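# Secondary and tertiary structure notes
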Amino acid sequence: MEAQNFTFKEKISHYLDDFNSPIGVIVNLIILGLILLSSGIFVIETYPLYDTTLKVLGIIDGVILSLFTIEYLIRFWCAESKVKFIFIIFSFIDLLSILPLFVGFIDIRFIRILRWFRVLRLLRLIKFETSLFKIKSEDGIILVRIFLIIFSLVFIYSGAIYQVEHYSNPEVFKTFFDALYFSVVTMTTVGFGDVIPLSEAGKILTVIMIFSGILLIPWQLSILTQKSLQNTQQGNQVCSHCGLKFHDRDANYCKICGTKL
């Protein structure tokens, strides 16, 4: 019985992170779709809507949140080391995304900021997304990772600054687009000054956004530039012994096994 239970856990764990088999692709497509749908709901809710529409969106978001919670509990159940699982970065992101389910009954608007962290779950699916769009080159994979990191940060900052400033500065931060505009201008350090936060929390968040933009964007772009320059210096010679595909254009021997090219 224990062996069967272990095999069952192993299969479930495999399909949650498998991007090749039909079942694994379907499971991860559903997860990806729920993340995007959930993020879209957060954006739509910042615009004027009928009460009935808001109620429907709230129900849909509640269902998605419940599904994410079930997924987290399944991953926790399948983990060989429960303690190690809790401290894995992706598990922490998953926990952040479902935390509003447990603290949502508290009437504190800052708790709602946690909902925007759900988009970070896209980072767990980087391998799936590159596999889905058949991106195999290392440059392409790096570009996808950079795009997802920057997109996730901008989305989270936009949601957070909207959640913080909308109540104290509703004429300026009316919708998600206003917050998005402010986040992009702030993170790129353009700083037009036409939109400014009024609350203390908004100003602190703005400082964090500026530092994030200064540190993160040039760092990520430098990684891509270095990789591109490295690839231009390499040829397509394949080692007949170990199969290494890339060598320096002036290389006469394989740098791994020493076989003559």
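Residues numbered from 1 in each chain as written. Predicted model: local features only at pLDDT ≥ 70, side-chain atom pairs only at ≥ 80, totals over all residues. Heavy atoms only, no water.

Comment text from UniProt for the protein, heading Subcellular location (unreviewed entry), reads "Membrane". (UniProt positions renumbered as here; feature names shortened; annotations may be inferred.)

Below, the discussion takes up the overall build of the protein. A count of helical and extended segments in the protein gives nine helices and two strands. Starting at the N terminus, the α and β elements of the protein follow one another as α-α-α-α-α-α-α-α-α-β-β. Within the protein, buried positions represent 38% of all 261 residues. Entry remark: accessible area of the protein is about 15700 Å², with carbon and sulfur atoms responsible for 69%. (Helix = DSSP H or I, 4+ residues; strand = E, 2+ residues; numbered from the N terminus. Buried < 20%, exposed > 50% of the residue type's maximum accessible area, 1.4 Å probe, protein only. Areas by Shrake-Rupley, 256 points an atom, 1.4 Å probe, with all protein chains shown as cover.)

Okay, the confidence of the model for the protein next. Detailed reading of the predicted coordinates is not advisable wherever pLDDT is low. In this model, the protein carries a mean pLDDT of 80, and residues with pLDDT of at least 70 account for 80%. For the protein, per-element mean pLDDT is lowest for strand β1 (residues 234-235), which scores 60, and highest for helix α8 (residues 176-187), which scores 93. Here residues 1-5 is modelled with pLDDT under 50, and outside its nearest four sequence neighbours on either side it reaches zero contacts, counting other chains as well. This stretch, residues 105-110, has a pLDDT under 50; its non-local contacts, to residues over four places away or in other chains, come to five contacts. (pLDDT = per-residue confidence, 0-100. Contact = heavy atoms within 4.5 Å.)

Next up on the list: the side chain of S38. Structurally, the position occupied by S38 is in helix α2 (residues 22-44). Judged by its relative accessible area of 0%, S38 falls in the buried class. The contact partners of S38, leaving out residues within four places of it in the chain, are D61, I64 and R118.

Take α2 next. For α2, spanning 23 residues, the distance from its first C-alpha to its last is 32 Å, which sits close to the expected 33 Å at 1.5 Å a residue. Listing the buried residues of α2 in full gives G24, N28, I31, L32, L34, I35, S38, S39, I41, F42 and V43. (Expected span 1.5 Å × (residues − 1).)

What follows concerns the packing of aromatic side chains. The final tally for this structure, using the stated rule, is six aromatic pairs. When the ring of F76 is compared with that of F85, the centres are 5.9 Å apart and the planes differ by 65 degrees; the resulting orientation is edge-to-face. Ring centres 5.5 Å apart and planes at 50 degrees place the aromatic pair F155 and F176 in the tilted group. With a gap of 21 residues between them, F155 in helix α7 (residues 138-165) and F176 in helix α8 connect regions that are remote in the sequence. (Phe/Tyr/Trp six-rings, centres within 6.5 Å; stacked < 30°, edge-to-face > 60°.)

Turning next to the packing of α2 against helix α3 (residues 51-78). In a packed pair of helices, the relevant descriptors are the angle between the two axes and the axis-to-axis distance. Between α2 and α3, the shortest axis-to-axis distance is 10 Å and the interhelical angle comes to 140 degrees. Between α2 and α3 lies a crossing whose hand is left-handed. Seen from α2, the contacting residues are I31, L34, I35, L37, S38, I41, F42 and I44; seen from α3, they are L57, I60, D61, I64, L67, F68, E71 and R75. Class assignment of the residues belonging to the contact of α2 with α3 gives a composition of 12 nonpolar, one polar and three charged. (Axes fitted to C-alpha atoms, helices over the stretch in contact; angles between N-to-C directions. Left-handed = near helix turned anticlockwise from the far one by under 90°. Nonpolar A, V, L, I, M, F, W, Y, C, P; charged D, E, K, R; others polar.)

Feature annotation in UniProt places "transmembrane region" (unreviewed entry) on residues 23-44, 56-74, 86-108, 142-164, 176-197 and 204-221, given in this structure's numbering. Structurally, residues 142-164 is divided into 100% helix and 0% strand, and its ends, taken at the C-alpha atoms, are 33 Å apart. Across residues 176-197, helical content stands at 55% and strand content at 0%; the span's end C-alpha atoms are separated by 14 Å.

What follows is about the pattern of salt bridges. Applying the stated rule across the entire model yields one salt bridge. The residue R75 makes a salt bridge to E71 at a minimum N-O spacing of 2.9 Å. One end of the pair, R75, and the other, E71, are both in helix α3, four residues apart, so they sit about a helical turn from each other. (Salt bridge = Lys/Arg side-chain N within 4 Å of Asp/Glu carboxyl O.)

Looking now at α3. If you check α3, its first and last C-alpha atoms are 40 Å apart, about what 28 residues at 1.5 Å a residue would give, namely 40 Å. Looking at α3, one finds that the buried residues are L57, D61, I64, L65, F68, T69, E71, Y72, R75 and C78.

This paragraph deals with unusual backbone geometry. In this structure, T189 is a non-glycine residue whose phi angle is positive, near 60 degrees. Relative to the assigned elements, T189 resides in the loop between α8 and α9 (200-232).

Glancing now at the nonpolar core. Core analysis: the biggest nonpolar cluster contains 29 residues, and I35, F68, W116, L122, L148 and F155 have the highest contact counts within it. Listed by contribution, the elements that provide at least two residues to this core are α2, α3, α5 (89-103) and α7. Ranked by residue count, the leading element in this core is α2, at seven residues. Two domains share this core, each providing at least three of its residues, namely domain 1 (1-125) and domain 2 (133-230). Counting residues in each nonpolar core, the second largest holds 12 residues, with Y157, A160, V195 and L205 among its members. (Core = buried A, V, L, I, M, F, W, Y, C linked by side-chain atoms within 4.5 Å. Domains from an automatic or database assignment.)

Bringing a nonpolar patch on the surface into the picture now. A contiguous nonpolar patch, built from F8, I59, V63, L67, I70, I74 and W77 and spanning about 640 Å² of accessible area, is present on the exposed surface. Note on placement: I59 falls in helix α3. Judged by its relative accessible area of 53%, I59 is exposed. (Patch = residues over 30% accessible without salt bridge, like charges linked within 9 Å, V, L, I, M, F, W, Y side chains within 5 Å.)

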